[in-house]
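# Overview (structure and organization)
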Amino acid sequence: MDYQVQSIYGKIKKPKQTVSVPGSKSVTARALLIAALASGRSTLCGAGVSGDCAEFIGGLRSLGIPVKVAGDEVEIEGCGGTLPVKQAKVYVGSAGTAARFLTALAAFSDGEYTFDSSDQMKRRPIAPLINSLKDIGATFTFLGEQDCFPFVVKGAKNPATEVRVNIDKSSQFLSALLICAVCARKPVKIIVEGSHGMDYVKMTLDMMWSFGVDVSQSGVEYIVFGGYEARRYDVEPDISAACYFYAMNAVLGTNIAVRGVMPHTMQGDYKLIQLLKTFDGGAVDMSSFSDQALTLAAIAPYLSQPTTITGISHIRGQECDRINAICTNLSALGVKVEEREDGVKIYPSEPRGCALSSFGDHRVAMAFAVTGLRCGGVTIKNAEVCQKTFAGYFDVLDDLIKNLTADKNDG
């Protein structure tokens, strides 16, 4: 579907509004995997169950893990660290977290598992994780391009006790190894090479601790040992989704809040919410909250000073080349923008309406809808891609627009 954004700048009558967003995709994915490896039955409350997490749940079911979903509550019968099936076919779609986490799970398991994905996922980086999984003793047979989906992985019967992982492309490689290392049933040392924002790794460690596994760390070395115990777990609201609404405040002068968003969140994207309280242009290294580079870029034309975003070269390898998507869409809007290897520089401008590509990327679609709220005539092409993480985004946006612009005596 194409979504026609309504321009409401200067039409706000009720600036103070509150909206709800789904549970965090990042927290939900980690909780799904940890609960699947735990001993006993876990219940995840407030889980995010949009496209990516639905793919994750489907993958767990393929691997023999019983999962029941009722609304935003997910019940998982854990396997105690040993997968109940020795052979399976697993489809991960375009869900990057599921692709990496479930591949690691299979590699730490005694069995042979065939993985396939969407064409989009076949282009995303996974080679560093595969190299690490080979080092623990897993073997891979590639059914297409080397180090890409689809492939068959034969798990390590006796995983090695030391493994290195390069995280330059993604910290998820480290998180996958950390969570799944308990399957070895002996201490596993993980040595990190390269650099990346580590907020999501801290989230992983905090959640492992919540389910009973403590990880010792010394510099770039982590040692994992123990087993997960089932529990009831409350999933935080998705801060990545919430950020779009806080970005609206910056361009509309509104006071929109998202239910359940707290300063003590585990999610690193909260840094954007903090930044927007005072930011009016300037240079910002977004390496530790790069998922929000699109959001900041989408509102940067309305800021009083040029905005330079750095530290995001790795987002070229996500659902699309996000740096290129930023520059292409901003240029189409008539915004002056300079593309750089690791980021962009965006100049204050008056965007003009046009049709914008979503590039098949949920974050492109959601971010540039914010731009359109202040300039007329913006259409987001193929807006349905937001179903990947926030299926109801444009419905929530429509309701919010209605409430923001309603007469003060209405309701």
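Where an unreviewed UniProt entry is consulted, the protein appears under the name 3-phosphoshikimate 1-carboxyvinyltransferase, with the organism given as Candidatus Coproplasma avicola. UniProt's Subunit (unreviewed entry) comment on the protein is quoted here verbatim: "Monomer."

### A short note on the nonpolar core
Counting 81 residues, the largest nonpolar core has Leu102, Leu105, Phe115, Leu178, Ile190, Met208 and Tyr228 as its most contacted members. Among the elements that line this core, the one with the most residues is helix H1 (residues 25-37), at nine residues. When sequence neighbours within four positions are dropped, the list of residues in contact with methionine 208 reads Ile34, Leu178, Ile179, Val213, Val215, Val224 and Tyr228.

### Overview of helix H11 (residues 322-332)
Note that an α-helix has 3.6 residues per turn; residues three or four places apart therefore point the same way. Every buried residue of H11 is listed here: Arg322, Ile323, Ala325, Ile326, Cys327, Asn329 and Leu330. Looking at the buried positions of H11, the neighbouring elements they touch are helix H10 (293-299), strand E18 (337-340), strand E19 (343-346), strand E20 (355-356) and helix H12 (362-372). Its side-chain oxygen 3.3 Å from the backbone nitrogen of isoleucine 323, aspartate 321 forms the N-cap of H11. In the stretch just after H11, glycine 334 is the one whose phi turns positive, near 85 degrees.

### Thoughts on the sheet that holds strand E14 (residues 232-234)
One open sheet holds the four strands; their spatial order is E4-E5-E3-E14, and the pairing between them is mixed. Both outer strands of the open sheet, strand E4 (67-70) and E14, are each paired with one neighbouring strand and no more. Within the sheet, the average angular offset between the axes of one strand and its neighbour, ignoring direction, is 15 degrees. Of the strand pairs in this sheet, E4 and strand E5 (residues 73-77) are connected by four bridges, and their pairing is antiparallel. Its bridge partner being in E5, alanine 70 is matched across the sheet by glutamate 73.

### Observations regarding helix H2 (residues 51-62)
Taking 1.5 Å of rise per residue, the twelve residues of H2 would be expected to cover 16 Å, and the 17 Å separating its terminal C-alpha atoms lies within 8% of that figure. Taken as a whole, H2 has its buried residues at Asp52, Cys53, Phe56, Ile57, Gly59 and Leu60. Burial along H2 is one-sided: seen end-on, the buried residues are contained in an arc of 160 degrees. Those residues of H2 that are buried are in contact with H1, E4, strand E6 (87-91) and helix H3 (96-107). Positive backbone phi, approximately 90 degrees, marks glycine 64, located one or two places after H2.

### Concerning the pattern of salt bridges
The full count for this structure, using the stated rule, is 24 salt bridges. Close ionic contact of aspartate 119 with lysine 122 constitutes a salt bridge, the shortest N to O distance being 3.6 Å. Separated by three residues within a single helix, aspartate 119 and lysine 122 lie in helix H4 (residues 119-122), roughly one turn from each other. Note on aspartate 119: relative accessible area 54%, which makes it exposed. Residue classification places lysine 122 among the partly exposed positions, given a relative accessible area of 26%. We note a salt bridge from arginine 322 to glutamate 319, for which the minimum N-O separation is 2.9 Å. In terms of burial, arginine 322 and glutamate 319 fall into one category: buried.

### Examining the packing of aromatic side chains
Here the distance between the centres and the angle between the planes together describe a pair of aromatic rings. What the rule picks out here adds up to twelve aromatic pairs. When the centroid spacing of 5.3 Å and the interplanar angle of 70 degrees are considered together, the rings of phenylalanine 140 and phenylalanine 151 count as edge-to-face. You can see phenylalanine 140 sitting in strand E8 (residues 139-142) and its partner phenylalanine 151 sitting in strand E9 (residues 151-154), a full eleven residues away along the chain. Members of the aromatic cluster, each reached through a chain of ring pairs, are Tyr3, Tyr244, Phe245, Phe390, Tyr393 and Phe394. The aromatic ring of tyrosine 347 is capped on one face by lysine 336, whose charged end is 4.3 Å from the ring centroid.

### What to know about the pairing of E9
Alignment of strand E7 (residues 112-116) against E9, held across four bridges, turns out to be antiparallel. Counterpart to phenylalanine 115 in the pairing with E9 is phenylalanine 151. Inspection of the sheet shows E8 paired to E9 by four bridges, in the antiparallel sense. By the bridge assignment, phenylalanine 142 is partnered in E9 with phenylalanine 151.

### As for empty space enclosed by the protein
Where empty space is left in the structure can be found by rolling a water-sized probe over the atoms. Under the defined criterion, the tally for this structure stands at four cavities of 30 Å³ or more. Put simply, the largest cavity is a space of about 420 Å³. Counting only elements with at least two residues in the lining of the largest cavity, the list comes to H1, H3 and H12. Volume-wise, the second largest cavity comes out at about 50 Å³. Around the second largest cavity, the lining residues are Ser24, Lys25, Ser26, Tyr200, Asp238, Ser240, Gln267, Asp269 and Arg363. Grouping the constituent residues of the lining of the second largest cavity by class yields one nonpolar, four polar and four charged.

### A word on the UniProt feature "domain: Enolpyruvate transferase" (unreviewed entry) in the protein
Using the residue numbers shown here, the UniProt feature "domain: Enolpyruvate transferase" (unreviewed entry) corresponds to residues 13-277 and 280-397. A distance of 22 Å separates the end C-alpha atoms of residues 13-277, which is 34% helix and 23% strand.

Conventions adopted
Residues numbered from 1 in each chain as written. Predicted model: local features only at pLDDT ≥ 70, side-chain atom pairs only at ≥ 80, totals over all residues. Heavy atoms only, no water. UniProt positions renumbered as here; feature names shortened; annotations may be inferred. Core = buried A, V, L, I, M, F, W, Y, C linked by side-chain atoms within 4.5 Å. Buried < 20%, exposed > 50% of the residue type's maximum accessible area, 1.4 Å probe, protein only. Helix = DSSP H or I, 4+ residues; strand = E, 2+ residues; numbered from the N terminus. Contact = heavy atoms within 4.5 Å. Polar contact = N/O pair within 3.5 Å; in protein donor to acceptor, adjacent residues only side chain to side chain. Pairing = 2+ DSSP bridges. Axes fitted to C-alpha atoms, helices over the stretch in contact; angles between N-to-C directions. Expected span 1.5 Å × (residues − 1). Arc of directions from axis to C-beta. Salt bridge = Lys/Arg side-chain N within 4 Å of Asp/Glu carboxyl O. Phe/Tyr/Trp six-rings, centres within 6.5 Å; stacked < 30°, edge-to-face > 60°. Lys NZ or Arg CZ within 6 Å of the ring centre and 35° of its normal. 1 Å grid on protein atoms, 1.4 Å probe; cavity = no way out; pocket = protein on both sides within 12 Å on 5 of 7 lines; lining within 4 Å. Points joined across faces, edges and corners; volume = space filled by probe spheres on them. Nonpolar A, V, L, I, M, F, W, Y, C, P; charged D, E, K, R; others polar.

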